[in-house]
Each structure stands twice: as structure tokens, then as C-alpha cells.
Amino acid sequence: MKEKWKTLLLSSIIICLCIALLRYPQHSFEAAVRGLHMWWNVVFPSLLPFFIVSEILIGFGVVHFLGVLLEPLMRPVFKVPGIGGFVWAMGMASGYPAGAKLTARLRQQQQLSAIEAERLVSFTNSSNPLFIFGAISVGFFHNPNIGMILALSHYLGNICVGFMMRFHGKDENDATPKQKKSLLRQAFRAMHETRLKHSQAIGKLLGDAVRSSIQTLLMIGGFIILFSVLNKLLYITNITKWLADIVQYALALFHLPSELSVPFIAGLFEITLGSQMTSEVTSATLLQKVMITSFILAFGGFSVQAQVASILAEAHIRFQPFFVARIFHGFFASFFAFLLWEPLYVQPLESAETLPVWLPEATIRWPMLYIHWIEQYGFFVTATVCLLYVIIAFRREKPPV
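Residues numbered from 1 in each chain as written. Predicted model: local features only at pLDDT ≥ 70, side-chain atom pairs only at ≥ 80, totals over all residues. Heavy atoms only, no water.

Going by an unreviewed UniProt entry, the protein chain carries the name Sporulation integral membrane protein YlbJ and comes from Anoxybacillus mongoliensis.

1. Considerations on the side chain of N41
Applied cut-off: Each helix is a run of H or I in the DSSP string that is no shorter than four residues. Each strand is a run of E no shorter than two, and both are numbered from the N terminus. Pairs of N or O atoms within 3.5 Å make up the polar contacts considered here, provided that, within protein, one atom can donate a hydrogen while the other can accept it, and that residues adjacent in sequence are counted only when both atoms are side-chain atoms.
Structurally, N41 can be placed in helix 2 (residues 25-60). A polar atom in the side chain of N41 sits 2.8 Å from the side chain of H37.

2. Let's talk about the layout of surface pockets
Counted only if it meets this: Using only the protein atoms, space was sampled on a 1 Å grid; points where a 1.4 Å probe fits but cannot get out form cavities, open sets with protein on both sides within 12 Å along at least five of seven lines form pockets, and lining residues are those with an atom within 4 Å of a point. Grid points are joined across faces, edges and corners, and a volume is the space filled by probe spheres set on the points. Side-chain classes follow a simple rule in which Ala, Val, Leu, Ile, Met, Phe, Trp, Tyr, Cys and Pro form the nonpolar group, Asp, Glu, Lys and Arg form the charged group, and the remainder, Gly included, forms the polar group.
Estimates place the volume of the second largest pocket at around 440 Å³. Along the wall of the second largest pocket there are 20 residues; nearest its centre are F254, L256, F295, F331 and S334. Looking at the lining of the second largest pocket residue by residue, the classes come out as 17 nonpolar, 3 polar and no charged.

3. With respect to the packing of helix 1 (residues 2-23) against helix 10 (residues 202-236)
Formally: Angles shown run from 0 to 180 degrees and are taken between the N-to-C directions of axes, each axis being a line fitted to C-alpha atoms and, for helices, limited to the stretch in contact. Angle categories: roughly parallel below 35 degrees, roughly antiparallel above 145, roughly perpendicular from 65 to 115, and oblique for all the rest. A contact between two residues is defined here by any heavy atoms of the two lying within 4.5 Å.
It is at 11 Å that the axes of helix 1 and helix 10 come closest, and there the two elements cross at 80 degrees. Accordingly, the angle class assigned to the pair helix 1 and helix 10 is roughly perpendicular. Together, L17, A20 and L21 of helix 1 and V229, L230 and L233 of helix 10 make up the contact between the two elements. Residues belonging to the contact of helix 1 with helix 10 are distributed by class as follows: 6 nonpolar, no polar and no charged.

4. With respect to the packing of aromatic side chains
Quick note on the threshold: Stacked, tilted and edge-to-face are the three classes applied to pairs of Phe, Tyr and Trp rings, where Trp contributes its six-membered ring and a pair requires centres within 6.5 Å; stacked means planes under 30 degrees apart, edge-to-face means over 60, and tilted covers the rest. Lysine and arginine charges are scored as sitting over a ring when NZ or CZ, respectively, is within 6 Å of the ring centre and within 35 degrees of the ring normal.
Evaluated as defined, the whole model comprises 17 aromatic pairs. Members of the aromatic cluster, each reached through a chain of ring pairs, are F264, F269, F295, F299, F302, F319, F322, F323 and F331. Directly above the aromatic system of F51 lies the positively charged group of K101, at a separation of 5.6 Å from the ring centroid.

5. Digging into the pattern of salt bridges
What counts, and what does not: Any carboxyl oxygen of Asp or Glu within 4 Å of a side-chain nitrogen of Lys or Arg constitutes a salt bridge here. Using a 1.4 Å probe on the protein chains alone, a residue whose accessible area is under 20% of its type maximum counts as buried, one over 50% counts as exposed, and one in between counts as partly exposed.
This model, assessed by the stated rule, comprises 5 salt bridges. Its salt-bridge partner being R318, residue E118 comes within 2.9 Å of it at the nearest N-O pair. Placement of E118 in helix 6 (residues 114-123) and of R318 in the loop between helix 15 (301-314) and helix 16 (320-350) is noted, with a sequence separation of 200 residues between them. Given the relative accessible area of 45%, R318 is considered partly exposed. Between D245 and K241 there is a salt bridge, and its shortest N-O distance comes to 3.9 Å. Here D245 and its partner K241 are both found in helix 11 (residues 239-253), 4 residues apart, which amounts to about one turn of the helix.

In C-alpha cells form, the structure reads like this:
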């Protein structure tokens, strides 16, 4: 009976979506173009290098080398294998949903158990620093001073999620293996054995890395466009406002103004739009807007979560633990933003300093310059790589003579 109601609910939602698309074709088209523009000019060229490099490092066995070295840290602290350290680092550097892609890849190679994969993916998906410093703090808030607060609260919140998720599936045997030989020697031997086991020509390895990365990015692009349209339709049909009327009571518990409810709902679906709308609210203090933005960045938005769910499904990893972790990450990040506000923003301003003395001004400027470069030349990068993908796919599928 439960499944029948679920089927009825899902089918009803799809029918309503189709009706809304037919009722508002112009708005839907504009939202789709906006999502396509974001993916084509920014997301694709930003994530592609990290995806390709990750695939190559896995193929050469470098990940296993790092896994052995990081085992004494990752296993006792987070109850995941040492290779989780590589996934964590790449997830922070490249942003959503790189952590999920690498976790699924290692799970498919049997390098992670199901429980370890669920733990690992919960804290290795994060927004990249370029987006936080460039797009959010400078682009939306026009205030580079809050970039460090957003970044630290975001990553400290993820660490807290990692600590929390170490108790997930705690009945599993997670004993740290004893190191009998030199750690560095074991790491090199693991890398060498992996390279021999998966030995293939560099050209084929590079081609497979490019093809796999582009296939993932095409899927990501589809979700970005879909949720861009969905978010616009919810706003036009006043569903966002209806949800905001409910959320404003929850915001009141934290002494946050009701005007933040609409940006908050928009951010639950898509982080870029939600962050931008939050920065434009005039009735809220800067601290309140930073706290809401921290929650939005940590939650990731349903658009990102749908991307992660699709990736995890291919590796038979449950999505529910990841979703629960995102909610906790949102509260952790908002809490840390509140704690860091006084020492990192108020006190430096009272001391007549525009930036903390330990943070050079160039550290703030270069992310925005990089984002501007991506927006200007990302089109050419995406077009060139897509053409390369078509050539590789054609040559692979071409029957031998």
C-alpha cells in the first residue's frame, strides 16, 4: 500500500511539472538557458581537470600510495581507509560532487566497504574555495572579509560531520591494521602492485579518464538545468512563498528575520541562487545573512544532492546517510559562522584592518580573477573537450577492419 501511494505521489508531481512547463514556457526556457550557461561556462571547465587528474591518479596507483600513508590518520579518526584522505582533499579542491564520484569509483573497485563508502561520502563533498571566496564573498556580498568565515565554517562543519559519521555502522569491524614494515615502503609497494594490476597504455588511460569525466559532467549538467527550471517554476507558482511562510516560524526560533525565508527556500534547491538572494536582503544583519549562506552552502541544495544520488546509485551506496549528514553539516556550519564572526570580522574591523594580518590581500583577489577567466574562456574549454569526447567515442565504437 505504501508503494502505491509513493507511485501516486511521484506521478502527480511529474504531471504538475509538465503542466507548469506548458503554462510558463518562456520562464522555463530562460531558466534552462541560465542553467546551461552556468554549466557550459563555469561548472564544466572548473570540474573537468580535477576529474581527469583523479582518474589518472587512480589508474597509476598513486591513490593507493597515499592511502597507505594516510591510514594511521583516517582510520582512527573517521573509521575509513587511508584512501579517504585523497577523496577528502580532491573534494575540497574541486567542489561538488567530486567527493561522491571518487567514493563511488573506489567502492566499485572494492577499495571501500558499503559502510565505509557511506561514511566517506558524507564529509568529502564540499564547496570549493574558489566559489566561496570569489562568487559568494566578492561576487554576491561584495565583501572579501567574510570569505574566510564562510570557508572555515564550511570545512570545520564537514570535519564535525566526519566525526559524527564515524559512529555510523559502528558494529562493523574497523580495526586498524598493524604496520609491520616501513610505512613508506608499504605505500610504494601498493602503488607498484596497483599499476601492474591495471597496466594499460597511457593513451588508453588518458582516453578513459576523459570519457568517464565527461560522461559524469554531462549528467551533472542535466541536473543543473532541470533544477534551474524547477526552482523558477516553484517561484512563479508561489510555491516558494508558501513554503517560506512555513519556514519563517523556524527562523524565528533562531531570531532570524522572516525576509530570509524565501532566499533560504531557494537555496535548498540551488545554492547559487539562494546565496545571491540572501546577500540582497536588506532587513537582515550581515551576520544573519552569513549564517543562512553557510547553511545553504553546507546543505548543497537538492540540485547537488540529486547529482550525488545518481552517482551513488551506480555504486550501490545508500543516499539516506548522505542526506542526513548534509542537514547536520548545515547546522554545524551556521554555528561555526556565529562563533567565528567576532574574532575574524568584528575585531579586525575595530582594529581598522580590512583583512586579518595573516591573510594577504592577494589571497582574496586571485579566486575572483580565476572565476572571471573561467567565465570568459570556459566556453572554448567546454567546446574543445566535448569535440574531443566525440572523437574518442567514435574511435572506440568504430568496428575493427
